[in-house]
Amino acid sequence: MLVAAAVCPCPPLLVPDVAAGAAAELDAARAACTDALGVLAAARPGRLVVVGPVESAGPESYPEGTRGSFRGFGVDLDVRLGRDEGAHADQRLPYSLAVAAWLLERTGWSDAPVEGLGVGDRLEPERCGRIGRDLASRAERVALLVMGDASACRTLKAPGYLDERAAPFDAEAARALGTADVAALAALDTGLARELKASGRAPWQVLAGAAEGADLGGSLLYEDAPYGVGYLVATWS
């Protein structure tokens, strides 16, 4: 059963070593993510599942101990998902889960075993919901760390340029995440989310499936669009 969830953005810029001189610009987002992970720890889960976007359709599983790296950004920084030191040399974490692994290492996560799951932007909402329900049934007390960004079209300099539909989309996502509105998350439009480059759509809908019947309350900790990309931090407990 799902007992808690944290929703965080997943830009590699969240990692100060990657952001370098611009690191301070996301200090508030990092602080909110730290607070969100504190909510997960307080729930005392028996298992933590990290869900994040991947380029393939997915779902793709990443066992505890899978390693990731930010060397593609010119930074000599490696991370590992959870505490298991198994090699898992055949797999590497996608950047969304590498950012999650960095957050977990930064906060000293040791409260429960961790596994990762990648979902793609073409995964249908119904499938996302089924995946979420399966995750919630894996242990008596399950927590989710859900990684993903809102739209990337909030300004002229945004990665997806300015799209007038982006701000309303992000506002509805923020409202749904901040109030734990399962139905509203499940109803997010797949095609529109893809056009707006909102990588969080599928992970959020996995959360919606996992939370069915859990009667959790939501809280929005952070909402902003630096660099023209919507970043949201929320907790469900």
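One can find the structure itself at the top, above this paragraph.
Anyway, here's the lowdown on the structure attached to this text. (Residues numbered from 1 in each chain as written. Predicted model: local features only at pLDDT ≥ 70, side-chain atom pairs only at ≥ 80, totals over all residues. Heavy atoms only, no water.)

In spatial order, the strands read E3-E6-E2-E7-E1-E9-E8; together these 7 strands make up an open sheet with mixed pairing. Two strands close off the open sheet at either side, each with one partner strand: strand E3 (60-62) and strand E8 (218-224). With direction set aside, neighbouring strand axes in the sheet form an average angle of 20 degrees. The sheet contact formed by strand E1 (residues 2-8) and strand E7 (residues 142-147) spans 6 bridges and is parallel. The partner of Val-7 across the bridge, within E7, is Val-146. Along the sheet face, helix H5 (residues 166-179) touches E1, E8 and strand E9 (231-236) and points at about 150 degrees away from the line of E8. (Pairing = 2+ DSSP bridges. Helix = DSSP H or I, 4+ residues; strand = E, 2+ residues; numbered from the N terminus. Axes fitted to C-alpha atoms, helices over the stretch in contact; angles between N-to-C directions. Contact = heavy atoms within 4.5 Å.)

With that settled, the discussion passes to the packing of aromatic side chains. Any pair of aromatic rings gets described here by the distance separating the centres and the angle formed by the planes. In total, this model carries 2 aromatic pairs according to the counting rule given. Centre to centre, the rings of Phe-73 and Tyr-95 are 4.8 Å apart; their planes meet at 65 degrees, and the pair counts as edge-to-face. Note that Phe-73 is positioned in the loop between strand E4 (67-69) and strand E5 (78-80) and Tyr-95 in helix H3 (residues 95-106), a separation of 22 residues in sequence. Overall, the relative accessible area of 40% leaves Phe-73 in the partly exposed class. Since its relative accessible area comes to 37%, Tyr-95 is described here as partly exposed. The structure contains a cluster of three or more aromatic residues connected by ring pairs, namely Phe-70, Phe-73 and Tyr-95. (Phe/Tyr/Trp six-rings, centres within 6.5 Å; stacked < 30°, edge-to-face > 60°. Buried < 20%, exposed > 50% of the residue type's maximum accessible area, 1.4 Å probe, protein only.)

The next subject is H3. Residue pairs three or four apart in sequence face the same way in an α-helix, which turns once every 3.6 residues. End to end, H3 covers 16 Å across 12 residues, agreeing with the expected 16 Å (1.5 Å per residue, within 8%). Where burial is concerned, most of H3 is hidden: 9 out of the 12 residues are buried. What H3 keeps buried is the set Ser-96, Leu-97, Ala-98, Val-99, Ala-100, Ala-101, Trp-102, Leu-103 and Leu-104. Gly-108 lies just past H3 and shows a positive phi near 70 degrees. (Expected span 1.5 Å × (residues − 1).)

Side chains of Leu-156, Tyr-161 and Leu-162 sit close together on the surface and give an oily, nonpolar patch of about 330 Å² of accessible area. Looking at where Tyr-161 falls in the secondary structure, it is placed in the loop between E7 and H5. (Patch = residues over 30% accessible without salt bridge, like charges linked within 9 Å, V, L, I, M, F, W, Y side chains within 5 Å. Areas by Shrake-Rupley, 256 points an atom, 1.4 Å probe, with all protein chains shown as cover. Salt bridge = Lys/Arg side-chain N within 4 Å of Asp/Glu carboxyl O.)

The values are spatial; any link to function lies outside them.
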